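One letter stands for each residue in the lines below.
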Amino acid sequence: MRDVPLPLLTLEEFFDGNDFVGSIGCNLESIPRPADFYNWLTHVRNKPEVSDVRIQITCVDDPGNDWPFSDTIWVITSESASSVKEWVPEKLGPCETWEGWSERTKYDECHVAEGHTPIAVWYD
């Protein structure tokens, strides 16, 4: 298990001032701008079946990056992983989605509303 919890930032914490292409979704065929993710995720967060959306910080010490890097988005929702995957625009399609926190990883504290579960949207 990882001893130091991975940060789970709000959309505003991760995207405000972030114009670093490659800070998220860097392995997609056409690397999207952070604003593309922010616009989509704001829409997702506004869905009635979603209680929160968090950006997991995966790396902060890459010398070539001016912004923290993320490979995982967490959608806290009452919907299934397959439903969340259907919400993703084709150009932002993830490699994988799954339900629940990874057991071998510690995360920043994040409230999960009753009847909701964290859904990972992961980019390789």
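These numbers come from a predicted model, not from an experiment.

Notes on the nonpolar core
In terms of nonpolar packing, the biggest core is built from 24 residues, with Phe-37, Trp-40, Leu-41, Ile-73 and Tyr-123 touching the most fellow members. At the level of secondary structure, the elements contributing two or more residues to this core comprise α1 (11–15), α2 (34–45), β2 (50–56), β3 (72–77), α3 (81–87) and β5 (117–122). Top contributing element to this core by residue count: α2, with four residues. Look past the residues within four positions of Phe-37 in its chain and what remains in contact with it is Phe-15, Ile-24, Gly-25, Leu-28, Pro-32, Ile-73, Leu-92 and Tyr-123.

Description of the sheet that holds β2
Judged by pairing direction, the sheet is antiparallel, and its five strands sit side by side in the order β1-β2-β3-β5-β4 without closing on themselves. Bordering the open sheet on either side are β1 (8–9) and β4 (96–99), each of which pairs with just one other strand. Here β3 pairs with β5 via six bridges, running antiparallel. What sits directly across from Thr-72, in β5, is Trp-122. Packing against the sheet, α2 makes contact with β2, β3 and β5, and its axis sits at approximately 150° to β2.

Things to note about the packing of aromatic side chains
To describe a pair of aromatic rings, you give the distance between the ring centres and the angle between the ring planes. Under the criterion given, the structure shown has eight aromatic pairs. Consider the rings of Phe-14 and Phe-15, whose centres lie 4.9 Å apart with planes at 90°: the pair is edge-to-face. Its relative accessible area of 0% is what places Phe-14 among the buried residues. Judged by relative accessible area, which is 7%, Phe-15 ranks as buried. Centroid distance Trp-74 to Tyr-107: 5.5 Å. Interplanar angle 80°. Geometry classified as edge-to-face. Here Trp-74, found in strand β3, pairs with Tyr-107, found in the loop between β4 and β5; they are 33 residues apart in sequence, far enough to count as distant. Each member of the pair, Trp-74 as well as Tyr-107, carries the same accessibility label: buried.

So, the side chain of Arg-54
In this structure, Arg-54 sits in strand β2. Polar side-chain contacts of Arg-54 include one of 2.9 Å to the backbone oxygen of Leu-8. Leaving out residues up to four positions away in the same chain, Arg-54 has contacts with Leu-8, Leu-9, Thr-10, Thr-72, Ile-73, Trp-74 and Cys-110.

A few points about the pattern of salt bridges
Counted under the stated rule, the structure contains four salt bridges. Between Glu-12 and Arg-45 there is a salt bridge; the shortest N-O distance is 2.8 Å. Residue Glu-12 is located in helix α1, and its partner Arg-45 is located in helix α2; the two are separated by 33 residues in the primary sequence. Looking at Arg-45, the relative accessible area reads 23%, which means it is partly exposed. Where salt bridges share partners, they join Arg-33, Asp-36 and Lys-91 into one cluster.

Rules used throughout
Residues numbered from 1 in each chain as written. Predicted model: local features only at pLDDT ≥ 70, side-chain atom pairs only at ≥ 80, totals over all residues. Heavy atoms only, no water. Core = buried A, V, L, I, M, F, W, Y, C linked by side-chain atoms within 4.5 Å. Buried < 20%, exposed > 50% of the residue type's maximum accessible area, 1.4 Å probe, protein only. Helix = DSSP H or I, 4+ residues; strand = E, 2+ residues; numbered from the N terminus. Contact = heavy atoms within 4.5 Å. Pairing = 2+ DSSP bridges. Axes fitted to C-alpha atoms, helices over the stretch in contact; angles between N-to-C directions. Phe/Tyr/Trp six-rings, centres within 6.5 Å; stacked < 30°, edge-to-face > 60°. Polar contact = N/O pair within 3.5 Å; in protein donor to acceptor, adjacent residues only side chain to side chain. Salt bridge = Lys/Arg side-chain N within 4 Å of Asp/Glu carboxyl O.

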